[in-house]
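These are the residues of each chain, in order.
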Amino acid sequence: MTYTASSHTALDARPGFLRRCEMWLDDKGKGAWIAATVMGFIFVWPVGLALLAYMIWGKKMSSCSKRSNHHNFRRHAGYAMKSSGNSAFDAYKAETLRRLEEEQGSFEAFLDRLRAAKDKAEFDQFMDDRTTKAQTETDVEATNKEDA
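None of the values given here were measured: they were computed from a predicted structure.

The rules behind each value
- Residues numbered from 1 in each chain as written.
- Predicted model: local features only at pLDDT ≥ 70, side-chain atom pairs only at ≥ 80, totals over all residues.
- Heavy atoms only, no water.
- Phe/Tyr/Trp six-rings, centres within 6.5 Å; stacked < 30°, edge-to-face > 60°.
- Helix = DSSP H or I, 4+ residues; strand = E, 2+ residues; numbered from the N terminus.
- Buried < 20%, exposed > 50% of the residue type's maximum accessible area, 1.4 Å probe, protein only.
- Core = buried A, V, L, I, M, F, W, Y, C linked by side-chain atoms within 4.5 Å.
- Contact = heavy atoms within 4.5 Å.
- 1 Å grid on protein atoms, 1.4 Å probe; cavity = no way out; pocket = protein on both sides within 12 Å on 5 of 7 lines; lining within 4 Å.
- Points joined across faces, edges and corners; volume = space filled by probe spheres on them.
- Nonpolar A, V, L, I, M, F, W, Y, C, P; charged D, E, K, R; others polar.
- Axes fitted to C-alpha atoms, helices over the stretch in contact; angles between N-to-C directions.
- Parallel < 35°, antiparallel > 145°, perpendicular 65-115°, else oblique.
- Left-handed = near helix turned anticlockwise from the far one by under 90°.
- Patch = residues over 30% accessible without salt bridge, like charges linked within 9 Å, V, L, I, M, F, W, Y side chains within 5 Å.
- Areas by Shrake-Rupley, 256 points an atom, 1.4 Å probe, with all protein chains shown as cover.
- Salt bridge = Lys/Arg side-chain N within 4 Å of Asp/Glu carboxyl O.

So, on to the packing of aromatic side chains. Overall, the coordinates contain three aromatic pairs when judged by the stated rule. An angle of 40° between the planes, with centres 6.4 Å apart, marks the rings of phenylalanine 89 and tyrosine 92 as tilted. Remark: tyrosine 92 and phenylalanine 89 occur in helix 6 (residues 87–147); sequence separation between them is three residues, near one turn of the helix. Owing to a relative accessible area of 55%, tyrosine 92 belongs among the exposed residues under this scheme.

In this structure, Leu25, Ala32, Trp33, Leu51 and Met55 together form the largest nonpolar core, which totals five residues. At the level of secondary structure, the elements contributing two or more residues to this core comprise helix 3 (30–43) and helix 4 (45–57). Apart from residues lying up to four places away in sequence, leucine 51 is in contact with Trp33, Ala36 and Thr37.

Looking at the largest pocket, its volume works out to about 250 Å³. When contributions to the lining of the largest pocket are tallied by element, the ones reaching two or more residues are helix 2 (17–28), helix 3 and helix 4. In terms of residue count, helix 2 provides more of the lining of the largest pocket than any other element does, five residues in total. Of the residues in the lining of the largest pocket, the class split is eight nonpolar, no polar and one charged.

The contact between helix 3 and helix 4 brings their axes to 5 Å, and the two run at 150°. Taken together, the axis directions place helix 3 and helix 4 in an arrangement best described as roughly antiparallel. Relative to helix 4, the crossing made by helix 3 is left-handed. Contact residues: Trp33, Ile34, Ala36, Thr37, Gly40, Phe41 and Phe43 in helix 3; Trp45, Val47, Gly48, Leu49, Leu51, Leu52, Tyr54 and Met55 in helix 4. Considered class by class, the residues forming the contact of helix 3 with helix 4 number 12 nonpolar, three polar and no charged.

Together, Ile34, Val38, Met39, Ile42, Phe43, Val44 and Val47 make up an exposed nonpolar region whose accessible area comes to about 660 Å². Top contributing element to the nonpolar patch by residue count: helix 3, with five residues. Following the sequence through the fold, methionine 39 ends up in helix 3.

So, in structure tokens, the structure goes:
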């Protein structure tokens, strides 16, 4: 064993203070990182700024949860498609999953139509407000010309 290999193993066995803190925060989750950053800003702002930069550039806020959720989804998706050995049950399961996917598609289409209707209503309200404002300004200008 070389000197670098043995020193590297010794470092892995007893990580430094900052590494232990990082591992502890990772174990506690995203909320602990956010709380540590807020506390850092409250007590010593450069510490909060350093933690914020570390989380952003170190990808702490996105990498952990997305990777585990993707893994869980793949595990459950594989389980859902696995055959039980009972052809009647497998046919029932396939039909139920197909029906649920259709319902999900219909619901997502409904939500899209609902969002589009809301957006249109908001845009129509904006245009009405704009027209009313322009009409009011024109009336005020006409009144001012008559007074002069």
